[in-house]
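Chain by chain, the residues run as shown.
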Amino acid sequence: MIDLETGGFRNLICSYVLKGDKIILVESGPTSSVNTLVEGLKELKVKFTDVEYVAVTHVHLDHGGGAGSLLKLLPNAKVLVHPRGAPHLIDPTRLWESSKSVLGRVSEIFGKPEPVPEERIVPIAEGSFDLGGGGKIYVVETVGHASHNLSFFETFNVGVFPGDAAGTYFSEFDYVIPTSPPPFRLDAALASLDKLISLKPAVLYYSHFGKASDAVKRLKDYKAQLQLWGRIALEGVKEKRSFEQICERILREDAAMNRIAGYLSAHPVYSVTALGNTVQGFVEYAKTLT
Ligand SMILES: [Zn+2]
């Protein structure tokens, strides 16, 4: 694991290095952190010519935004990405514009993505790759957070890289909170979690942030948390509650969210990405049901 220290913040975003006979990176991270990632690769004694794939869970700036800049330094690497994400790596113009409008100053912390040459992209929704040394990596389509979120399942440690399909993990508090900005699809997110649970992983490698054991329990707990938020949002929309009232009820009934709210609202990045935005995703989804 390499802490990308994006914007100078530790424990925010990380990339992972899988070493079999071949080397696969999971998450390029954002453009602004490519230098940190490269320094981390040097520390791990990764030869740049040996990197075969950069697997991005999805194209949001914090996960795949740096792929174009990174590939300039890794001459043999190709990018694994969902077919629906691929066009946004080839031409990131629209992705950048929409990120600026949703994330504001946080998009500048992540940095503007550079395009990835089309011939260096491997669009994939499901499949597997041999890592050598008896290891394999499976690509699992886990949409919901985004319509193109992939997870990667590796057999060396029986671990899953869920991207944003399993929430944001705060190891210092041992809490997980939803990653559900609009257009969030609760039904798809729950089905994706069932898919990951059925793989019986032992380890979760969160992009936000770090490695965690008890993977199946965490995935089940996250499912229950999404269902709780979904129920509160749906009742709130049906009863014509204000957005603030829905947020308040979530904070009241979700113990983890309640305890971590102060930390989130004081955090320069999470105050933008992890509070109102996540509830908004649930509220907009609930409106589609009523
Ligand atoms: Zn993310």
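Please refer to the structure higher up on the page.
Just so you know, these numbers come straight off a predicted model, no measurement behind them. (Residues numbered from 1 in each chain as written. Predicted model: local features only at pLDDT ≥ 70, side-chain atom pairs only at ≥ 80, totals over all residues. Heavy atoms only, no water.)

Visitor: If you had to explain the pairing of strand E13 (residues 203-206) to someone new, which residues and values would you point to?
Guide: Burial along E13 is two-sided: the residues Val-203 and Tyr-205 and Leu-204 and Tyr-206 are all buried. Note that strand E10 (residues 159-161) and E13 share two bridges and pair parallel. By the bridge assignment for E13, Gly-159 is matched with Val-203. Sheet topology places E13 next to strand E14 (residues 210-212); three bridges connect them, and they run antiparallel. (Buried < 20%, exposed > 50% of the residue type's maximum accessible area, 1.4 Å probe, protein only. Helix = DSSP H or I, 4+ residues; strand = E, 2+ residues; numbered from the N terminus. Pairing = 2+ DSSP bridges.)

Visitor: I'd love a proper account of the sheet that holds strand E8 (residues 135-141), names of residues and values included.
Guide: The six strands are arranged E7-E8-E9-E10-E13-E14 in an open sheet whose pairing can be described as mixed. The outermost strands of the open sheet, each flanked by one partner alone, are strand E7 (127-132) and E14. For this sheet, the mean inter-axis angle between neighbouring strands, taken without regard to orientation, is 20 degrees. Sheet analysis places strand E9 (residues 150-154) next to E10, joined by three bridges and oriented antiparallel. Each residue of the ladder has a partner; that of Phe-153, found in E10, is Val-160. Helix-sheet contacts for helix H7 (residues 186-198) involve E8, E9 and E10, and the interaxial angle to E8 is about 160 degrees. (Axes fitted to C-alpha atoms, helices over the stretch in contact; angles between N-to-C directions. Contact = heavy atoms within 4.5 Å.)

Visitor: How would you sum up the sheet that holds strand E6 (residues 121-123)? Please name residues and give values.
Guide: Taken together, the six strands give an open sheet; going across it, the order is E1-E2-E3-E4-E5-E6, and neighbouring strands pair in mixed fashion. A strand with exactly one partner marks an edge of an open sheet, and here the two such strands are strand E1 (2-3) and E6. As defined by bridge partners, E1 adjoins strand E2 (residues 14-19) across two bridges and the pair is classed as antiparallel. Bridging across to E2, Asp-3 finds its partner in Cys-14.

Visitor: Which residues make up the layout of surface pockets, and what values go with them?
Guide: Taken as a whole, the largest pocket spans an internal volume of roughly 770 Å³. His-60, Val-102, His-145, Pro-181 and Pro-182 are, among the 33 residues lining the largest pocket, the residues nearest its centre. Of all the elements in the fold, those that place two or more residues in the lining of the largest pocket are helix H2 (61-64), helix H5 (93-103), helix H11 (270-273) and helix H12 (276-289). Broken down by element, the lining of the largest pocket gets its largest block of residues, six residues, from H5. Considering only residue class, the lining of the largest pocket consists of 15 nonpolar, 14 polar and four charged. (1 Å grid on protein atoms, 1.4 Å probe; cavity = no way out; pocket = protein on both sides within 12 Å on 5 of 7 lines; lining within 4 Å. Points joined across faces, edges and corners; volume = space filled by probe spheres on them. Nonpolar A, V, L, I, M, F, W, Y, C, P; charged D, E, K, R; others polar.)

Visitor: Go over the packing of H7 against helix H8 (residues 215-238) with me, naming the residues and quoting the values.
Guide: A pair of packed helices can be characterised by two numbers: the angle between their axes and the separation between those axes. Put simply, H7 and H8 touch, their axes get as near as 10 Å, and they point 165 degrees apart. Overall, the two elements H7 and H8 adopt an arrangement that is roughly antiparallel. The two elements H7 and H8 cross, and the hand of that crossing is left-handed. Between H7, through Leu-186, Ala-189, Leu-190, Leu-193, Asp-194, Leu-196 and Ile-197, and H8, the contact on the second element is made entirely by Val-216, Leu-219, Lys-220, Tyr-222, Lys-223, Leu-226, Gln-227 and Gly-230. Here the contact of H7 with H8 is composed, by residue class, of 10 nonpolar, two polar and three charged. (Parallel < 35°, antiparallel > 145°, perpendicular 65-115°, else oblique. Left-handed = near helix turned anticlockwise from the far one by under 90°.)

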